[in-house]
Amino acid sequence: MNETSQSSRKTDKTTKNKTLNSKPVGESEDGSTESLLNILSLQRRIFNLKNIPNRGEMFGTLQSLLEEIIPFKHFSLRCRNASGEFTVIREDLPENPDLNPSMLDWVMKRQELSLLPLSQPDQDNVQDSLLFLPMGQDHVIMIWLDQSPESFTREKEASLSLVSREIASVLDIQRYHLKLEKTRETISDILESVPMGVFSIDATGIIRMMNAAAEKDLGVNRLAASSQPYNQILSPEITAHLDQRLGENSTSESEVELPPREGEVDGRYLGITISPLRIDDDSTAIGRVVICRDLKLSREVKKLRQLDSMKSDFLSLASHELRTPLTSIMAYSETLLMSAEASGDTIPPEWCEYLDIIINEGKRLCRIIDDAIDLTKLEAGMASYDFGPNEPNDIIENVVMSLMSQLEAKNLSLGLELADDIGLCRLCLVHFTKAIHNILQNAITFTEPGGSIVIRSYRSDPMPDTSVPSLIIEVEDTGIGISPEEVEKVFAKFEIGGAVKNHTSGSGLGLTICRQIITDHSGKIWIESKPGIGTKVIIQVPIFVAEEPVDDQ
């Protein structure tokens, strides 16, 4: 084998055009009936190779077949991978030969049977040959022969060329079937992942495919349903519905009512969508694809949305209707209180106390009504936003001044850590002020006397889907804190955490309004809190600078 390896390296120097092509090489056996019969027998055996499903067994049979055509010393079957390198598939060699990779590339590019002489360093007569048999674009067989190229006959050339073509065809078919099987597996995996029921019916009404969701929704065994007429497998209700709609070209969803299952009280509703199944856009439909989904969840969601809409409408109506009489009550109470204070001792002192309570509770009720009206407008998209260039730090300082009396009443220390490089931001002065006011008001309410509050503002990295820097505002207190499971709940309407219920008499709408306002500023708001330690509310909005005020969004 060392002599063969050495001679392989000298192939380029000793041979240039000694390859098999259309020009005959050696003596032929023209007119031989026996040769023709041998080729026909060989052709039948080669055709039978495509019936061998196992590639390893097929290549083993191929090697035996080649040995009958032309006896050889060594054999190697190689395949070119995606990176262009040749890997061994099947081989019968005493050692790994030293083959020039460019030689294999040349043979594969030529796509013809090639026979190269293997010369010995100290011999002038060539006794051995290396036969290359390409099979398609990726496979090649190398055969080491103990004969010279001149002894190679036309019959052997024809037989080997036939083997090459047929094996290339078999490999192409196998590659196609493998690709087809992978495609089928991918489609099957996709259909199994779809949360809705999907099944197909051919033009004769036979069920061809059904995913697990359809099996559950339809209450059938999909293995038993496969290759069966749908009108013998599906329930009478669904069968009647399909009989009515299969001839339609519309893909709109319709509903079918099913009787309750065992253990259920109420019946079920299925949404059915039927679409034509075509190979391409211009061909006639070869069947139908049916999509079904349980409408129970969507119906419940619809009911909840209707109830939520009714609640919002009632809240809006009640708020507006309460405002007028409440304003009158407060006005008359204040008038009575001023009259009582002016009259001296003619009215009992407790009456003044009662009137004062009426006025304070009226003001609190007014704030609740205002919050309800504001939230209704925000959710309905009816709130008026006047965006323009505003200084965030100025807004923060103005809010602090408006709440300074409450801070002093509870002896709370306030720290301001406001960055001076923020500049003007595109904000709605009215609504953004309200958001900051609600957050600071909560911090004051839920911080025990003697505690502290810190407000920070600074520039930060851009938010997702934006290319401009962002503004961060933090309001951190040393208050009672919120448990992790209640952090997200505090943003819901009328939700008040269990730990803070005894510390407030608010409506539970303050943070809901804040989230809507910040969302309308293309920002986000979140809370970091630990019970007994304190709470930090963080606002992040993009710094969109506007030279002129912007109309309502």
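Structure: above.
Residues numbered from 1 in each chain as written. Predicted model: local features only at pLDDT ≥ 70, side-chain atom pairs only at ≥ 80, totals over all residues. Heavy atoms only, no water.

Trainee: Tell me about the overall build of the protein, and please be specific about residues and values.
Mentor: Check the secondary structure of the protein and you find 16 helices and 17 strands. Burial statistics for the protein: of 553 residues in total, 39% are counted as buried. Counted over contacts in the protein with a minimum sequence separation of 6, partners at least 24 positions apart contribute 62%. Element-wise, carbon and sulfur atoms account for 52% of the exposed surface of the protein, whose accessible area totals about 31,400 Å². (Helix = DSSP H or I, 4+ residues; strand = E, 2+ residues; numbered from the N terminus. Buried < 20%, exposed > 50% of the residue type's maximum accessible area, 1.4 Å probe, protein only. Contact = heavy atoms within 4.5 Å. Areas by Shrake-Rupley, 256 points an atom, 1.4 Å probe, with all protein chains shown as cover.)

Trainee: Describe in detail a nonpolar patch on the surface, supporting the description with residues and values.
Mentor: Residues Leu277, Ile279 and Ile286 make up a contiguous nonpolar surface patch of about 280 Å² in total accessible area. In this structure, leucine 277 sits in strand 9 (residues 268–277). Exposure remark for leucine 277: the relative accessible area of 31% places this residue in the partly exposed category. (Patch = residues over 30% accessible without salt bridge, like charges linked within 9 Å, V, L, I, M, F, W, Y side chains within 5 Å. Salt bridge = Lys/Arg side-chain N within 4 Å of Asp/Glu carboxyl O.)

Trainee: A description of helix 13 (residues 392–402) should follow, citing residues and the corresponding values.
Mentor: If you check which residues of helix 13 are buried, you get Pro392, Asn393, Ile395, Ile396, Val399 and Val400. For helix 13, the angular spread of the buried residues around the axis is 160°, confining them to a single face. Residues of helix 13 that are exposed and angled more than 90 degrees away from the buried face: Asn398 and Met401. (Arc of directions from axis to C-beta.)

Trainee: Requested: an account of the pairing of strand 9, with residues and values cited.
Mentor: Strand residues, when the strand is regular, have side chains that alternate between the two faces of the sheet. The sheet contact formed by strand 8 (residues 254–258) and strand 9 spans five bridges and is antiparallel. In the strand pairing of strand 9, serine 254 is matched with isoleucine 272. Looking at chain direction, strand 9 and strand 10 (residues 287–294) are connected through eight bridges and run antiparallel. Within strand 10, the position partnered with leucine 277 by the bridge is glycine 287. (Pairing = 2+ DSSP bridges.)

Trainee: Account for the nonpolar core, with residues named and values stated.
Mentor: Counting residues in hydrophobic clusters, the biggest one holds 46 residues, and the most contacted among them are Phe432, Leu440, Ile453, Ile527 and Ile539. Of the residues forming this core, the biggest block, seven residues, is contributed by helix 15 (residues 429–445). Apart from residues no more than four positions distant in its own chain, leucine 440 is found in contact with Val399, Val400, Leu403, Ile453, Ile455 and Val475. (Core = buried A, V, L, I, M, F, W, Y, C linked by side-chain atoms within 4.5 Å.)

Trainee: Which residues make up the side chain of serine 529, and what values go with them?
Mentor: Residue placement: serine 529 occurs in strand 16 (residues 524–530). Among the polar contacts made by the side chain of serine 529, one reaches the main-chain carbonyl oxygen of glycine 534 at a distance of 3.1 Å. Of note is the side chain of serine 529, whose polar atom sits 2.8 Å from the side chain of threonine 535. Once residues within four sequence positions are removed from consideration, serine 529 is found in contact with Gly481, Ile482, Gly534 and Thr535. (Polar contact = N/O pair within 3.5 Å; in protein donor to acceptor, adjacent residues only side chain to side chain.)

Trainee: Residue-level account of the environment of glutamate 397, with values.
Mentor: Its location among the elements puts glutamate 397 in helix 13. Taking C-alpha positions, glutamate 397 is 8.7 Å from leucine 416, a pair spaced 19 residues apart along the chain.

Trainee: Now, about the pairing of strand 17 (residues 534–542): what can you tell me, with residues and values included?
Mentor: Burial runs high along strand 17: nine of the nine residues are buried. In strand 17, alternate side chains face the same way, and those of Gly534, Lys536, Ile538, Gln540 and Pro542 on one face and Thr535, Val537, Ile539 and Val541 on the other are all buried. The pairing of strand 16 with strand 17 spans seven bridges and is antiparallel. Its bridge partner lying in strand 17, isoleucine 525 is registered against isoleucine 539. Counting the residues in the hairpin turn of strand 16 and strand 17 gives three residues, including glycine 532, whose phi is positive at 80°.

Trainee: I'd love a proper account of the packing of helix 4 (residues 55–69) against helix 6 (residues 154–193), names of residues and values included.
Mentor: The geometry of helix 4 relative to helix 6 is characterised by a closest axis approach of 11 Å and an angle of 175° between their N-to-C directions. It follows from the interaxial angle that helix 4 and helix 6 lie roughly antiparallel. Across from Arg55, Met58, Phe59, Leu62, Leu66 and Ile69 in helix 4, the residues of helix 6 making contact are Lys156, Ser159, Leu160, Val163, Ile167, Val170, Leu171 and Gln174. Tallied by class, the residues present in the contact of helix 4 with helix 6 amount to 10 nonpolar, two polar and two charged. (Axes fitted to C-alpha atoms, helices over the stretch in contact; angles between N-to-C directions. Parallel < 35°, antiparallel > 145°, perpendicular 65-115°, else oblique. Nonpolar A, V, L, I, M, F, W, Y, C, P; charged D, E, K, R; others polar.)

Trainee: Hey, could you go over the sheet that holds strand 14 (residues 452–460) for me, with residue numbers and the actual values?
Mentor: Read from one edge of the open sheet, five strands run 12-14-15-17-16, paired in mixed fashion. Strand pairing shows two members of the sheet lacking a second neighbour, strand 12 (413–418) and strand 16, which therefore form its edges. On average, adjacent strands in this sheet sit at an angle of 10° to one another, irrespective of strand direction. Across the face of the sheet, helix 13 comes into contact with strand 12, strand 14 and strand 15 (470–477) while running at roughly 170° to strand 12.

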